[in-house]
Amino acid sequence: MTTPSTDVLIIGSGAAGLSLALRLAEACEVTVVCKASLDEGSTRYAQGGISAVLDATDSVASHIEDTLVAGAGLCDPEAVRFTAERGAAAIAWLSALGVAFTRQGGDSASAGPFHLTREGGHSHRRVVHAADATGKAVSDVLHAACRAHPHIRLLERHMAVDLITRDGPRRGERMCVGAQLLDLDIGAVQSWHARSVALATGGASRVYLYTSNPEVATGDGIAMAWRAGCRVANLEFMQFHPTCLYLPAQGSRVFLVSEAVRGEGGRLVLPDGTPLMDRFDPRGDLAPRDIVARAIDHEMKRLGIPCVYLDIRHRGADFIRAHFPTIHAQCLAWGLDMTEQPLPVVPAAHYTCGGVVTDLRARTDLKNLYAIGETAHTGLHGANRMASNSLLECLVFAEAAADDIHARLPGLSLIADADEAPSSAPKPCAETVTLHHNWMELRRAMWDYVGIVRSEERLLRAQRRVALIRSEAEVQWTGHNSDPDLLELRNLATVAELIVRCALQRRESRGLHYTLDHPQTDPHARDSVLIPDALSFPLHAMHWEG
Ligand code: FAD
Ligand code: SIN
């Protein structure tokens, strides 16, 4: 059987992966694979919007400054500038593709200026949106454009298992030449070769018990890149969104109530109606997310209450229905009318600020391997991502990766003699009880010990438990390589280990990482960079030649 091949293999079909596919498709043949349906990923659920400087009173300098402040001293200023400068062009690109962003006056069909909303950390109205369902509007348009393109092949229910690598032409250099894909319908793993590979697999928030993220967010790209020999960084900065709907009967996937609700005047209050945030930060309800989530956590523990409340009733029913139709309808379906009552909310895991280390061209340490979107660590977010900077990062770095791949394509060839496992027949997992137990145990340990407030003792407890679960998953995996749940557990356990390692390494509190043992913020900000044992090639290997 011949090994299938493609010019560029893109793993992931969110905003990052599909933007890259569209940017490349005129020049080469692209294959996009995703492990669920095409539209299942965090992108589709994005609510608030995409940050971009589009108002005459705003400036790129101000967007940069707000991002740096939210990032608590750890952002890479170059990455921040690179991203902020490209915001308006990214919105123009989406708009030209057909995304109907809300315009001033509320009419998405008019040609007037975009309506800009506000979110935490932004000192201006700067968030372009499609009512409160921005992700769906973006997803639908990107999917339609990709489906219609003759050079883009879309493979749903194909799960990347591992990257295929081999030695590069330069001494000590490793390169990526493809990936092993598990076809979930037939249960077999097959090798795919590509001239270039891009990881666009999203984040890892499902490492926590309670999360706003969909099921696919299991950190697969981060784990695969780490196993293949790439550096990862700043994984201790897992972002908890302050306002997820508190519905105890709902299970572990929680519904997000957009920060834009606070941007449009919503206030966090205690059960007796007392405003919460004024005592914690002069920016009040629109302080950066780390500060708001920590304040809620503090008040819930101090008062022994299961949630706090988000109250926007004063804006009136018409305004609320017009600006937040999705949130309003979804809450109503659960019996909560936000026009008449404050919504019960709690923080939940939401965003992975760290990830696979890349440069401004989205290159990783492995030659021909790119990482884009939530799976990457570009340096944009520092110790705390500012609201609505994530979709922007997906778009900007997809374009950067496309430019780099495009320029390098003439020199890139398919390489078939890689160090790869042969394609294999289905081997399902014989016993699922241990698998399910370990899934729950891992996510609960991370929730209880590696949450909003940490301590060395809690982190060490987590480290011991996670190490055991990871080693059991590795052992189980070698025998049963077609079980997607086991593969996800293996990846989640790997990422959990990396999160804890980064957290133990950081002996200060900064941004999203708050530890009782080191409440101070050090004067000098340092990234937590982890280097895999497999990294035999020189550091900064992303300066590939050719
Ligand atoms: P995703 O959109 O998550 O896509 C990941 C893709 O990778 C999926 O196709 C998945 O199937 C695939 N995949 C994963 N593993 C594998 C594998 N092993 N093999 C094959 N395929 C795989 N950000 C903003 O900027 N503004 C917002 O308003 C906003 N709101 C949000 C609201 C919610 C509820 C959530 C959850 C997030 C929100 N975010 C927001 C964050 C933002 O949506 C995400 O960071 C962004 O969409 C990530 O895009 P992505 O392309 O990197 O990954
Ligand atoms: C939200 O709408 O609150 C989510 C925005 C984000 O995560 O950037």
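One can find the structure itself at the top, above this paragraph.
**Q** Looking at this model, I keep getting lost on the pattern of salt bridges. Mind explaining?
**A** Summed over the entire model, instances satisfying the criterion amount to 40 salt bridges. For Lys35, the salt bridge identified is with Asp220, shortest N-O distance 2.9 Å. Pair noted here: Lys35 is in the loop between β2 (30-33) and α2 (42-45) and Asp220 is in helix α7 (residues 220-228), with a separation of 185 residues, a long-range link. Across the pair, exposure class does not vary: Lys35 and Asp220 are buried alike. As a salt-bridge pair, Asp318 and Arg321 come within 3.7 Å of each other at their nearest N and O atoms. A residue pair is termed a helical-turn pair when its members lie 3 or 4 positions apart in one helix, as Asp318 and Arg321 do in helix α10 (residues 317-323) at three residues. Connected through salt bridges with shared partners, the residues Asp162, Arg227, Arg470, Glu474, Arg490 and Glu497 form a single ionic network.

**Q** Where do I start with the sheet that holds strand β14 (residues 343-352) in this structure?
**A** The antiparallel open sheet is built from four strands, whose spatial order is β11-β14-β13-β12. Only two strands of the sheet have a single neighbouring strand rather than two, namely β11 (238-245) and β12 (267-269). Recorded for the sheet is a direction-independent mean angle of 45 degrees between the axes of neighbouring strands. Direction of pairing for β11 relative to β14: antiparallel, over a ladder of six bridges.

**Q** It is not clear to me how the site of ligand 2 should be interpreted in this structure. Could you clarify?
**A** Around ligand 2, a shell composed of Gln47, Gly48, Glu119, His241, Leu256, Ser258, Glu259, Arg289, His350, Arg385, Ala387 and Ser388 is seen. For ligand 2, an oxygen atom lies 2.6 Å from a polar atom in the backbone of Glu259. Separating an oxygen atom of ligand 2 from a side-chain N or O atom of His350 is a distance of 2.7 Å. Compared with its free state, where it exposes 260 Å², ligand 2 has 92% of that area covered by protein. Of the residues contributing to the shell around ligand 2, the split by class is two nonpolar, six polar and four charged.

**Q** Before we go on, may I ask you to explain the nonpolar core in this structure?
**A** General note: in soluble globular proteins, nonpolar side chains tend to be found buried as a group. Counting residues in hydrophobic clusters, the biggest one holds 68 residues, and the most contacted among them are Ile11, Leu163, Tyr208, Met446, Val450 and Ile499. The contact partners of Met446, leaving out residues within four places of it in the chain, are Val207, Tyr208, Gly451, Val466, Ala496, Ile499 and Val500. In this structure, Ala46, Val99, Ala401 and Trp544 belong to the second largest nonpolar core, which totals 52 residues.

**Q** Got a minute to help me understand helix α15 (residues 484-505) in this structure?
**A** In an α-helix, one turn spans 3.6 residues, which is why side chains three or four residues apart end up on the same side. Between the first and last C-alpha of α15 there are 31 Å, a value that for 22 residues agrees with the 32 Å anticipated at 1.5 Å per step. Burial analysis of α15 places 18 of its 22 residues in the buried class, which makes it a mostly covered element.

**Q** I keep staring at the sheet that holds strand β5 (residues 127-128) and nothing clicks. Help me out?
**A** Neighbouring strands of a sheet are bound in pairs by backbone hydrogen bonds; such pairs are parallel or else antiparallel. In space, the three strands of this open sheet follow the order β3-β5-β4, with antiparallel pairing throughout. If you trace the sheet from one side to the other, it starts and ends with β3 (50-51) and β4 (116-117), each paired once.

**Q** How should the site of ligand 1 be read in this particular structure?
**A** The immediate surroundings of ligand 1 are formed by 40 residues, with Thr43, Gly49, Asp220, Glu374 and Ser390 found nearest. One of the backbone nitrogen or oxygen atoms of Lys35 is found 3.2 Å away from a nitrogen atom of ligand 1. Within the contact set of ligand 1, an oxygen atom lies 2.9 Å away from a backbone nitrogen or oxygen of Gly48. The leading source of residues in the shell around ligand 1 is helix α12 (residues 389-408), at four residues. Grouping the amino acids of the shell around ligand 1 by side-chain chemistry returns 16 nonpolar, 19 polar and five charged.

**Q** What is the right way to look at the pairing of β14 in this model?
**A** One face of the sheet, then the other: side chains in a regular strand alternate in exactly this way. Burial analysis of β14 places ten of its ten residues in the buried class, the great majority of the element. Here strand β13 (residues 308-311) runs beside β14; their pairing, made up of three bridges, is antiparallel. In the sheet register, Leu310 faces β14, and the bridge partner there is Leu343.

**Q** How do you make sense of the side chain of Arg126 when you look at a structure like this?
**A** Take Arg126: it is sitting in the loop between β4 and β5. In this structure Arg126 comes out as buried when scored by relative accessible area, which is 0%. For Arg126, the side chain forms a polar contact with the side chain of Asp58, separated by 2.8 Å. A polar contact of 3.1 Å, which involves the side chain of Arg126, links it to the side chain of His122. With near-sequence residues (within four places) excluded, Arg126 lies in contact with Ile50, Ser51, Ala52, Val53, Asp58, Ser59, Ser62, His63, Asp66, Leu116, Thr117 and Met386.

**Q** Can you help me understand the environment of Ala188 in this one?
**A** Among the secondary structure elements, Ala188 is positioned in strand β9 (residues 188-199). Sequence separation between Ala188 and His436 is 248 residues, and the spatial gap between their C-alpha atoms is 22 Å.

**Q** Teacher, can you tell me more about the side chain of Arg385 here?
**A** If you trace the backbone, Arg385 turns up in the loop between β17 (376-377) and α12. It is Glu374 that comes nearest to the buried, bridge-free Arg385 among opposite-charge side chains, at 6.7 Å. Leaving out residues up to four positions away in the same chain, Arg385 has contacts with Gln239, Arg289, His350, Tyr351, Cys353 and Ser390.

**Q** Where do I start with helix α4 (residues 77-85) in this structure?
**A** Those residues of α4 not exposed but buried are Ala79, Val80, Phe82, Thr83 and Ala84. Its buried side turned inward, α4 meets α3 (60-70), α5 (87-97) and α12. Looking at where α4 begins, the residue whose side-chain oxygen comes 2.9 Å from the main-chain nitrogen of Glu78 is Asp76.

Definitions and cut-offs
- Residues numbered from 1 in each chain as written.
- Chains lettered and ligands numbered in written order.
- Predicted model: local features only at pLDDT ≥ 70, side-chain atom pairs only at ≥ 80, totals over all residues.
- Heavy atoms only, no water.
- Salt bridge = Lys/Arg side-chain N within 4 Å of Asp/Glu carboxyl O.
- Helix = DSSP H or I, 4+ residues; strand = E, 2+ residues; numbered from the N terminus.
- Buried < 20%, exposed > 50% of the residue type's maximum accessible area, 1.4 Å probe, protein only.
- Pairing = 2+ DSSP bridges.
- Axes fitted to C-alpha atoms, helices over the stretch in contact; angles between N-to-C directions.
- Near = heavy atom within 4 Å.
- Polar contact = N/O pair within 3.5 Å; in protein donor to acceptor, adjacent residues only side chain to side chain.
- Areas by Shrake-Rupley, 256 points an atom, 1.4 Å probe, with all protein chains shown as cover.
- Nonpolar A, V, L, I, M, F, W, Y, C, P; charged D, E, K, R; others polar.
- Core = buried A, V, L, I, M, F, W, Y, C linked by side-chain atoms within 4.5 Å.
- Contact = heavy atoms within 4.5 Å.
- Expected span 1.5 Å × (residues − 1).
- Lys, Arg positive; Asp, Glu negative; His and termini not counted.

On their own, these measurements won't tell you what the molecule is for.
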